[in-house]
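# Commentary on secondary and tertiary structure
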Amino acid sequence: MEQLIQALASAAQTAAGVTGEQLGVSLPSLFEQPEDSAVGDLALPCFRLAKALRKSPAVIAADLAETIVLPDGVARAEAVNGYLNFFVDPAYYAGRVGAILQNPDFGTRHQGAGKTMVIDYSSPNIAKRFHVGHLGTTVIGNAIKNLHAFCGYRCVGINYLGDWGTQFGKLIVAYKKWSSADRVAERGIEELVDIYVRFSDESEKEPSLNDEARAAFAELERGNEEYLAIWRYFKEISLREYMKTYELLGIEFDSFDGESFFTDKMPAIVEELREKGLLVQDDGAWIVDLAPYGMPPALILKRDGSTLYPTRDIAAAVWRKKEYDFDKCIYVTSAGQSLHFAQWFKVVELMGYDWADRLVHVPYGTMSVGGEKLASRTGNVILLDDLFAEAISKAEAIMEEKNASLPNRHETAVAVGTGAVIFNALSGSRIKDTNFTWENALSFDGNTGPYVQYTYARASSVLRRAACPDADAAAGYVPAPDETALIKTLLRFPARVDAALCEYEPSIISRYVLDVCAAYNVFYHNCPILRSSGAEQAFRLRLTAAARQIIGKSLDLLTIRRTEEI
């Protein structure tokens, strides 16, 4: 549709006798697609032309309807209340099916060709279990990475593990007081979680434990070999656990360099801040004053000389720029960290780095369970292992009931179960706060991941039973209204990809693919495919192949597996 819009815009400018400079806007950007196709397939609002032409929008639309030379593919134009509405020839839509099938990359404008995007996401704190609170950053981040890769970016996925900080002082103290190597070897990450919770409980009764923890972390930072060995052991156990979830989801990272990787790089950052006159002392700590920018100070060093999150994040950004020379560096975290990112982004700018504006924070809403905030310390979490196991079990039970002879049933249940959870997490605006319920997370009914996977399987089944013919076999066929409606929906894919990319919003794709599935299923029920013949059947098979292609690519972008059979 973009080529047609460009042609119409050029024709409208010629007929109106104006230039883009006179209008102060790109004319193609003004075009709209009416929701009701009865009023037209494309519309040009003439309100922005009124000032340049010194006429009312209604008069402009009426004049253009009389004088515009319509490009090939447009049947007629009508003026209605200041809008110039265009009706596209159904034969034009028929030709677009071939354009989709001939281009495996249909949907991308290759915006990122020659550019590098670094994305920091998932990033759990080691020694803690994966829970539903980690689901957002993990699936949103991977979908954003997929979108950028599809659009031509070289993508570097970084799992910036939370493997440094005072919490590890707490764990070391707890381990030495209440645990042992044998207990950790036997129970794994569960033992680490339990002793962390116990430390939180005990420190409320005995606050001096917090002083011990701070001292232990300071020793860790100074290179205490005993503490480093304990810390490495905790990290190894944690990563082994996390990789199970990443493998289940089909998510891969290029780097697992966590906060600890930047320990030896932070002194140089502190010194640079000092040399540039940005570091000032405040009550024994060292800060960057951000009051002139309407923000609290960025704390760089605590009174005991240990580092904080801003110090490590700044060091990481500087290193990543040198290592990857990124065109943008994206951070996918909870909206609760928005101030933190605004602060250290500003510090990077004040340091004089001209790439500070390429740092992007992508926030997402908080998740609660039963209306209460997730917290490992109190045990108010839903573990991802449990969630996915329940989803897969439910999917397998449904398949056993409806299609007991399905080959590779368990593998398909894994795809459908994980797809249900991922789609649920990506179905709404990422910034929206959510309250976790098992019912919603495991839903297989309505506008869900399994519905999309089922529609993909339906299209695959049709094409298995009759091979998709070449374009010549469908030549001359004029699409019926339900076929045209499906083609129009498929042609929106490039615009939806572009919007999702620009807004860092995977839900644009999840909502779009539901529209595609709805349009395909209407077409499937109203337009017989295998019971038709000749050019009609050839066209409908090609349209099915085009719909399958776009549904499949949408699933890929969302990190949901394609299902050939369900």
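Residues numbered from 1 in each chain as written. Predicted model: local features only at pLDDT ≥ 70, side-chain atom pairs only at ≥ 80, totals over all residues. Heavy atoms only, no water.

### Some remarks on the pattern of salt bridges
Applying the stated criterion to the full structure yields 36 salt bridges. Each of R129, R183, R187, E190, E191, D194, E241, K244 and D385 takes part in salt bridges that share partners, so that together they form one network. (Salt bridge = Lys/Arg side-chain N within 4 Å of Asp/Glu carboxyl O.)

### Re empty space enclosed by the protein
Within the structure shown, the criterion is met by 1 cavity of 30 Å³ or more. Contributing to the lining of the largest cavity are L248, L249, A415, T418, G419, I422, T559, I560 and R561. Those elements that place two or more of their residues in the lining of the largest cavity are α11 (225–249) and α16 (409–426). Per element, the largest residue contribution to the lining of the largest cavity is 4 residues, and it comes from α16. Taken together, the residues that form the lining of the largest cavity break down as 5 nonpolar, 3 polar and 1 charged. (1 Å grid on protein atoms, 1.4 Å probe; cavity = no way out; pocket = protein on both sides within 12 Å on 5 of 7 lines; lining within 4 Å. Points joined across faces, edges and corners; volume = space filled by probe spheres on them. Helix = DSSP H or I, 4+ residues; strand = E, 2+ residues; numbered from the N terminus. Nonpolar A, V, L, I, M, F, W, Y, C, P; charged D, E, K, R; others polar.)

### Brief notes about the packing of aromatic side chains
How two aromatic rings sit relative to each other is given by the distance of their centres and the angle of their planes. Tallied over the entire structure, the rule returns 30 aromatic pairs. Consider the rings of F261 and F262, whose centres lie 5.0 Å apart with planes at 85°: the pair is edge-to-face. Judged by its relative accessible area of 28%, F261 is partly exposed. Overall, F262 belongs to the buried group, its relative accessible area being 1%. Put simply, the rings of Y121, F130, Y242, Y246, F253 and F256 pair up and form one aromatic cluster. Directly above the ring of Y353 sits K276, whose terminal nitrogen or CZ lies 5.1 Å from the centroid. Here the basic side chain of K321 rests over the ring of F326, its NZ or CZ set 5.0 Å away from the ring centre. (Phe/Tyr/Trp six-rings, centres within 6.5 Å; stacked < 30°, edge-to-face > 60°. Buried < 20%, exposed > 50% of the residue type's maximum accessible area, 1.4 Å probe, protein only. Lys NZ or Arg CZ within 6 Å of the ring centre and 35° of its normal.)

### Considerations on the sheet that holds strand β3 (residues 83–88)
As summarised here, the arrangement of the 3 strands in space is β1-β3-β2, forming an open sheet in which the pairing is antiparallel. This sheet does not close on itself; its edge strands, each paired only once, are β1 (42–45) and β2 (74–80). Strand after strand, the sheet turns through a mean of 20° between neighbouring axes, direction not considered. The pairing of β1 with β3 spans 4 bridges and is antiparallel. Counterpart to A43 in the pairing with β3 is N85. (Pairing = 2+ DSSP bridges. Axes fitted to C-alpha atoms, helices over the stretch in contact; angles between N-to-C directions.)

### Topic: the packing of helix α10 (residues 208–221) against α11
Where α10 contacts α11, the two axes come as close as 8 Å, and the packing angle between them is 95°. It follows that α10 is roughly perpendicular to α11 by the angle criterion. Listed contacts from α11 to A216, E219 and L220 of α10 are Y227, L228 and W231. The residue makeup of the contact of α10 with α11, split by class, is 5 nonpolar, no polar and 1 charged. (Parallel < 35°, antiparallel > 145°, perpendicular 65-115°, else oblique. Contact = heavy atoms within 4.5 Å.)

### Some points on the environment of N424
Relative to the helices and strands, N424 is located in helix α16. Measuring from C-alpha to C-alpha, the distance between N424 and G449 comes to 7.2 Å, with 25 residues separating the pair along the chain. Sequence-distant contacts of N424, that is, excluding residues within four places in its chain, are made with N440 and A441.

### Brief notes about the state of the cysteines
One pass over the structure, following the stated rule, counts 0 disulfides. With no disulfide of its own, C155 lies 9.3 Å from the sulfur of C151, the closest cysteine sulfur. Judged by relative accessible area, which is 16%, C155 ranks as buried. We note that C329 lacks a disulfide partner, and the nearest cysteine sulfur, in C155, lies 12 Å from it. (Disulfide = S-S within 2.5 Å.)

### Things to note about the pairing of β3
Burial of β3 is extensive: 5 of the 6 residues sit out of reach of the surface. Summarising the sheet, β2 and β3 pair through 6 bridges and their orientation is antiparallel. Pairing of V80 across the sheet is with Y83, part of β3. From the end of β2 to the start of β3, which pair antiparallel, there are 2 residues, and N81 there has a positive phi angle of about 50°.

### Re the nonpolar core
Judged by nonpolar contacts, the single largest core of 140 residues is most densely connected at F86, L220, I330, V332 and L490. A per-element tally of this core places helix α22 (residues 534–557) first, with 11 residues. When near neighbours in sequence (up to four residues on either side) are disregarded, F86 contacts L8, F31, G40, D41, L42, L44, I68, L70, V74, R76 and A77. In this structure, V288, L290, L301 and W355 belong to the second largest nonpolar core, which totals 35 residues. (Core = buried A, V, L, I, M, F, W, Y, C linked by side-chain atoms within 4.5 Å.)

### A word on unusual backbone geometry
The phi torsion at D283 lies on the positive side, around 55°, for a residue other than glycine. For D283, a relative accessible area of 61% gives the class exposed. Phi is positive for T559, which is not a glycine, with a value near 65°. In this structure, T559 sits in the segment after α22. On the basis of relative accessibility, which here comes to 13%, the residue T559 falls in the buried class.

### Here's the deal with the packing of helix α19 (residues 481–491) against α22
α22 packs onto α19 with a crossing angle of 30° between their chain directions and a minimal axis gap of 11 Å. When the axes of α19 and α22 are compared, the pair comes out roughly parallel. Considering only the axes of α19 and α22, their crossing is left-handed. Here E483, L486, I487 and L490 of α19 lie close against α22, whose contacting residues are F539, R540, L543, A546, A547 and I550. When its residues are assigned to classes, the contact of α19 with α22 shows 8 nonpolar, no polar and 2 charged. (Left-handed = near helix turned anticlockwise from the far one by under 90°.)

### Details of the side chain of E259
Note on placement: E259 falls in the loop between α11 and α12 (266–275). Judged by its relative accessible area of 6%, E259 falls in the buried class.

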